[in-house]
Amino acid sequence: LAQARSPVRAFSIATISVVLTGSILVAVIPDVESVLPGHGLFGAAAAVVFLCVVTAVGVRPVRRALAAAGRQCRRRAEAEHTRGSREVPVIHGSRISGAWVALVVTMLMAAVGNFAVWTFVEEIGISLGMAEATTIRLLGVTQIIGLAGALVAAASGGRFRRVSLLPPALLLLAAGNLAIGLAGSPVFFIGGMIAVNVAFYCLNPLLFAKAAQLDPVGRLAAVVGGASLAGSFIAPVVGGFLAGSDNQWARLSWTAALVILLALGPATFALRGVAGDSRRVGMSEG
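Residues numbered from 1 in each chain as written. Predicted model: local features only at pLDDT ≥ 70, side-chain atom pairs only at ≥ 80, totals over all residues. Heavy atoms only, no water.

### Looking at the overall build of the chain
Line of reasoning, step 1. Assigned secondary structure in the chain consists of twelve helices and two strands.
Line of reasoning, step 2. Along the chain, from the amino end to the carboxyl end, the secondary structure elements read α-α-α-α-α-α-α-β-β-α-α-α-α-α.
Line of reasoning, step 3. Looking at the 286 residues of the chain, the share that counts as buried comes to 38%.
Line of reasoning, step 4. By sequence separation, contacts in the chain at least 24 residues apart represent 75% of the contacts at least 6 residues apart.
Line of reasoning, step 5. If you sum the accessible surface of the chain, you get close to 15100 Å²; carbon and sulfur atoms cover 69% of it. (Helix = DSSP H or I, 4+ residues; strand = E, 2+ residues; numbered from the N terminus. Buried < 20%, exposed > 50% of the residue type's maximum accessible area, 1.4 Å probe, protein only. Contact = heavy atoms within 4.5 Å. Areas by Shrake-Rupley, 256 points an atom, 1.4 Å probe, with all protein chains shown as cover.)

And the structure:
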């Protein structure tokens, strides 16, 4: 994916595929449960993993893409070694390394801030008088609607009139989390859920695409993915601590929104790192 001609489009399509696969998986669990009582979730998940392995091993374009990625990784490593110390700073200089760190920090902060609220969104909906079943259905529906964010990222290439969509996506993510936690009615609550999903599914492929621009081999994209997972693990603990035993949803949402807004700093630095890298590559080719 990092070596695709258009990384934003590639990661957007991957994001849509992951969400749709997860939605289908949740939908078929009751049927699998009737066949494998007590093991429906594990059976359905195992089937999906098996299909992924079959696809990677059995589909020729996938095998070619994986082989090409391995060859390019080896070529880059050999080229960096043979160019010597004069050329190494072009790729591994302090500014680019700083941009790498900034991108990882952006993903981590966005994930922690967003998932801290999203972990408790069902409880927040119930506190507004909504039925538990209704809130659960809204979780799935708003996620599907939120895929519009990934479509926007794919169609725009991550930029609108030469301006990156990354900062606006972070702002919308913060606003959506505020709406969820401060909502006084189900209408604002649902609007916040839609805003969060649209922003996050736009933000996700943009961050991975920036990682691909900084490191086309794909190593940084893997680290950014790890930061997202780490954030999803940390967020429930942080969210539970902020909400407390008395369910202070307003305190939780304000803190989450602040963390997401603070991520604008490293995000801006990462964007400048990508631009600087592109200029240096152009000068070296010239």
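### A short note on unusual backbone geometry
Line of reasoning, step 1. A positive phi is found at R162, a non-glycine position, where the angle reads about 70 degrees.
Line of reasoning, step 2. Counting through the fold element by element, R162 comes out in the loop between β1 (159-160) and β2 (163-164).
Line of reasoning, step 3. For N247, which is not glycine, the phi torsion reads 55 degrees and is therefore positive.
Line of reasoning, step 4. Among the secondary structure elements, N247 is positioned in the loop between α10 (219-243) and α11 (249-262).

### Considering a nonpolar patch on the surface
Line of reasoning, step 1. There is a patch of nonpolar side chains on the surface, built from L108, L229, F233, I234 and V238 and spanning about 450 Å² of accessible area.
Line of reasoning, step 2. For the nonpolar patch, the element with the most residues is α10, which contributes four residues.
Line of reasoning, step 3. Structurally, F233 is set in helix α10. (Patch = residues over 30% accessible without salt bridge, like charges linked within 9 Å, V, L, I, M, F, W, Y side chains within 5 Å. Salt bridge = Lys/Arg side-chain N within 4 Å of Asp/Glu carboxyl O.)

### Some remarks on the pattern of salt bridges
Line of reasoning, step 1. Applying the stated criterion across every chain yields a total of one salt bridge.
Line of reasoning, step 2. Residues D215 and R219 are paired through a salt bridge, measuring 3.1 Å at the closest nitrogen-oxygen approach.
Line of reasoning, step 3. With a relative accessible area of 3%, D215 lands in the buried category.

### Quick notes on helix α1 (residues 7-35)
Each turn of an α-helix holds 3.6 residues, which means side chains three or four residues apart point in the same direction.
Line of reasoning, step 1. Counted at 1.5 Å a residue, the expected span for α1 with its 29 residues is 42 Å, and the 40 Å between its end C-alpha atoms agrees.
Line of reasoning, step 2. If you look at α1, its biggest bend is around 40 degrees, right at I29, and the proline P30 turns up within four residues after that.
Line of reasoning, step 3. Along α1, the residues that are buried comprise P7, V8, A10, F11, S12, T15, I16, V19 and L25.
Line of reasoning, step 4. Tucked inside the fold, the buried residues of α1 contact α2 (40-58), α7 (132-156), α9 (186-214) and α10. (Expected span 1.5 Å × (residues − 1). Bend = angle between axes of the 7 residues up to and from the residue.)

### Details of the side chain of N114
Line of reasoning, step 1. As for its placement among the helices and strands, N114 is situated in helix α5 (residues 94-118).
Line of reasoning, step 2. Leaving out residues up to four positions away in the same chain, N114 has contacts with L173, N177, V196, F200 and I260.

### A few points about the confidence of the model for the chain
Line of reasoning, step 1. Looking at the chain, the pLDDT average stands at 84 and 88% of residues meet or exceed 70.
Line of reasoning, step 2. The secondary-structure element of the chain with the lowest mean pLDDT is helix α4 (residues 88-92), recorded at 41, while α11 shows the highest, at 95.
Line of reasoning, step 3. Confidence drops under a pLDDT of 50 for residues 85-95, and excluding neighbours within four residues, the segment shows 14 contacts in the predicted structure.
Line of reasoning, step 4. Predicted confidence is poor over residues 278-286, with pLDDT under 50, and the contacts of this stretch with residues over four places away or in other chains come to four contacts. (pLDDT = per-residue confidence, 0-100.)

### A word on the packing of aromatic side chains
Line of reasoning, step 1. In total, this model carries four aromatic pairs according to the counting rule given.
Line of reasoning, step 2. Taken together, a centroid distance of 5.3 Å and an interplanar angle of 20 degrees make the contact between F11 and F208 stacked. You can see F11 sitting in helix α1 and its partner F208 sitting in helix α9, a full 197 residues away along the chain.
Line of reasoning, step 3. Assessed through its relative accessible area of 8%, F11 is described here as buried.
Line of reasoning, step 4. Exposure remark for F208: the relative accessible area of 14% places this residue in the buried category.
Line of reasoning, step 5. Residues F200 and Y201 carry aromatic rings whose centres are separated by 5.9 Å and whose planes lie at 70 degrees to one another, so their mutual orientation is edge-to-face.
Line of reasoning, step 6. Among the residues examined, F200 registers a relative accessible area of 10% and is labelled buried. (Phe/Tyr/Trp six-rings, centres within 6.5 Å; stacked < 30°, edge-to-face > 60°.)

### Overview of the packing of α1 against α9
Line of reasoning, step 1. Following both chains from N to C, one finds α1 and α9 inclined at 135 degrees, their axes separated by 8 Å at the closest point. Relative to α9, α1 is oriented oblique. Where α1 crosses over α9, the handedness of that crossing is right-handed. On α9, the residues that touch P7, V8, F11, S12, T15 and V19 of α1 are Y201, N204, P205, L206, F208, A209 and A212.
Line of reasoning, step 2. Partitioned by chemical class, the residues of the contact of α1 with α9 number ten nonpolar, three polar and no charged. (Axes fitted to C-alpha atoms, helices over the stretch in contact; angles between N-to-C directions. Parallel < 35°, antiparallel > 145°, perpendicular 65-115°, else oblique. Left-handed = near helix turned anticlockwise from the far one by under 90°. Nonpolar A, V, L, I, M, F, W, Y, C, P; charged D, E, K, R; others polar.)

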